[in-house]
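Chains, contacts and geometry: an overview
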Amino acid sequence: MKACFMGLGYIGLPTAIIAAKHGIEVIGVDINPQVVEATNAGHLHILEPGLEALLKEVVASKSLRASTIPEESDAYFIVVPTPFKGDHQPDTSYVESATRMVLPFLKAGDMFVIESTSPVGTTEQMSSLIFTERPELKGQLYIAYCPERVLPGNVIYELTHNDRVIGGIDEASAAKAQEFYRHFVNGTLYTTNCKTAEMCKLTENSSRDSQIAFANELSMICDKVGINVWELIELANKHPRVNILQPGCGVGGHCIAVDPYFISSKFPKEARMIDMARKVNNYKADWCAEKVQNAMLRFELEKKRKPIVAMMGLAFKPNIDDLRESPAKYIVTKVMQSGNNANILVVEPNIVEHKVFKLTDYRLAYEQADIVVFLTAHTPFKALEWRDDKIILDFCGIFKK
């Protein structure tokens, strides 16, 4: 079997590598020539433990090649971004563009699968597009939707062990896609219709968003009354039926921070709790930025000089280099734009160089700073010892006790 993966990002590239490792000939397509060049050279353009070694292996064995254009295959996988347009309206133009790119190559018996997180009805819309442009293929293709369920930083294990939900435009399509994923997925493969599979992905991340919003709301209440939120949650979780998540400085990434809008934008009257959870988590980032700005003003008033401030972390979660929708990055930007003219040291140990921020080593920043703001719970930060001579704002639980 030959498979064509449209999109070599945080999901498309790992999936293409794993598929190639399990005996499938893979052509990976990306519109960025630098990504294509790096992939063909065996260099991983994202940060993911253990994945570059696998990439080198499948490139060397000629199981995986990258290109800027697709080519005839047996199966086509759409793994491209689905960003916003306007007021958090989902933009499926990348999905449509990738679909149009593979249209000339489709033939009877081929499989077409969308993995990109999409609004309900997208798979059916792309089916209509395909059959409008290629009416001779009506009833001759297997079309399905199969969203990813991976955690950045643990992608290799999760791609091969997590259960998957596969929704087909018909039972035959779901079964065909199930057959493909069995090549490398050890978890259970559940089949359903494409609308249910699309909604399932959105539901999973909206549920997580709501749970995190509860924890973030608690953290702001506890700050106001002088309660250690980390201790509170630990004690509350002693209840056998309570499992409160950990608060942070907001919610980021291209899943939990995005997917709930795919529901609330389409069903604004019904999705009231989902919409409120998004507002709470967005507000938490503004709340954190305001806490930092207030600490800087107090320091200046008391010490009669501008503080040195270390902003610890830019990534949206620990131990990755992914800054998409990152509340940490948003907070750093907002603090730097506040006009205080303080000396701000930006730290992100998982990135060597950034186009906007001048990065500082975390140990040097911690040593030099008057105010230390922990935004992302990267493992190296946890080796730092508490300093009574510094103002420490810990929004991610580095020092929980």
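In case you missed it, the structure is sitting above this.
Since this is a predicted model, take the numbers as computed values, not measurements. (Residues numbered from 1 in each chain as written. Predicted model: local features only at pLDDT ≥ 70, side-chain atom pairs only at ≥ 80, totals over all residues. Heavy atoms only, no water.)

Here we come to the side chain of Thr 15. Mapping Thr 15 onto the fold places it in helix H1 (residues 12–21). Separated by 2.8 Å, the side chain of Thr 15 and the backbone oxygen of Ile 11 make a polar contact. In contact with Thr 15, other than residues within four places in its own chain, are Phe 5, Glu 115, Leu 159 and Phe 184. (Helix = DSSP H or I, 4+ residues; strand = E, 2+ residues; numbered from the N terminus. Polar contact = N/O pair within 3.5 Å; in protein donor to acceptor, adjacent residues only side chain to side chain. Contact = heavy atoms within 4.5 Å.)

Our next topic: the packing of aromatic side chains. Between two aromatic rings, the relevant description is the distance of the centres plus the angle of the planes. Applying the stated criterion across every chain yields a total of 13 aromatic pairs. A ring pair is formed by Tyr 362 and Phe 381, whose centres lie 5.9 Å apart and whose planes are at 55°; its orientation type is tilted. Taken together, the residues span a long stretch of sequence, with Tyr 362 in helix H13 (residues 362–368) and Phe 381 in the loop between strand E13 (371–374) and strand E14 (391–394) at a distance of 19 residues. Both residues of the pair, Tyr 362 and Phe 381, belong to the buried class. Every member of this aromatic cluster is reached through a ring pair, and the members are Tyr 362, Tyr 366, Phe 374, Phe 381, Trp 386 and Phe 399. (Phe/Tyr/Trp six-rings, centres within 6.5 Å; stacked < 30°, edge-to-face > 60°. Buried < 20%, exposed > 50% of the residue type's maximum accessible area, 1.4 Å probe, protein only.)

Tracing the sequence through the fold places Gln 178 in helix H7 (residues 171–181). Residues within four places of Gln 178 in sequence aside, it is in contact with Ile 166, Leu 189 and Thr 191.

With that settled, consider the packing of helix H8 (residues 194–225) against helix H11 (residues 272–303). Axis separation between H8 and H11 bottoms out at 8 Å; the angle between their running directions is 40°. Judged by the inter-axis angle, H8 sits oblique to H11. Both H8 and H11 take part in a crossing whose hand is left-handed. From H8, Ser 206, Asp 209, Ser 210, Ile 212, Ala 213, Asn 216, Glu 217, Ser 219, Met 220 and Asp 223 reach across to H11, where they touch Met 273, Ile 274, Ala 277, Arg 278, Val 280, Asn 281, Tyr 283, Lys 284, Trp 287 and Lys 291. Taken together, the residues of the contact of H8 with H11 sort by class into 9 nonpolar, 5 polar and 6 charged. (Axes fitted to C-alpha atoms, helices over the stretch in contact; angles between N-to-C directions. Parallel < 35°, antiparallel > 145°, perpendicular 65-115°, else oblique. Left-handed = near helix turned anticlockwise from the far one by under 90°. Nonpolar A, V, L, I, M, F, W, Y, C, P; charged D, E, K, R; others polar.)

For the rest of this paragraph, the subject is the environment of Glu 133. Following the sequence through the fold, Glu 133 ends up in helix H5 (residues 122–133). In this structure Glu 133 comes out as partly exposed when scored by relative accessible area, which is 44%. Through-space distance from the C-alpha of Glu 133 to that of Pro 260 is 32 Å; in sequence the pair is 127 residues apart. The residues touching Glu 133, leaving out its near neighbours within four places in the chain, are Arg 100 and Leu 103.

So, on to the sheet that holds strand E2 (residues 25–29). Across the sheet, which stays open at both edges, the 8 strands sit in the order E3-E2-E1-E4-E7-E8-E9-E10 with mixed pairing between neighbours. Edge positions in the open sheet fall to strand E3 (64–67) and strand E10 (189–193), since each of these has one partner strand only. Between one strand axis and the next, the sheet turns through 25° on average, direction left out of account. Here strand E4 (residues 75–78) pairs with strand E7 (residues 111–114) via 4 bridges, running parallel. Bridge pairing in E7 places Tyr 76 opposite Phe 112. Set on the sheet, H1 makes contact with strand E1 (2–6), E2 and E3; between it and E1 the angle comes to about 170°. (Pairing = 2+ DSSP bridges.)

Spatial strand order, E12-E11-E13-E14: 4 strands in an open sheet with parallel pairing. Here the strands that pair on one side only, and so sit at the sheet edges, are strand E12 (343–347) and E14. Going across the sheet, the axis of each strand differs from the next one's by a mean of 15°, ignoring polarity. Note that strand E11 (residues 308–312) and E12 share 5 bridges and pair parallel. The residue of E12 that forms the bridge with Ala 310 is Leu 345. Here helix H12 (residues 327–336) sits on the sheet in contact with E11 and E12, set at roughly 165° to E12.

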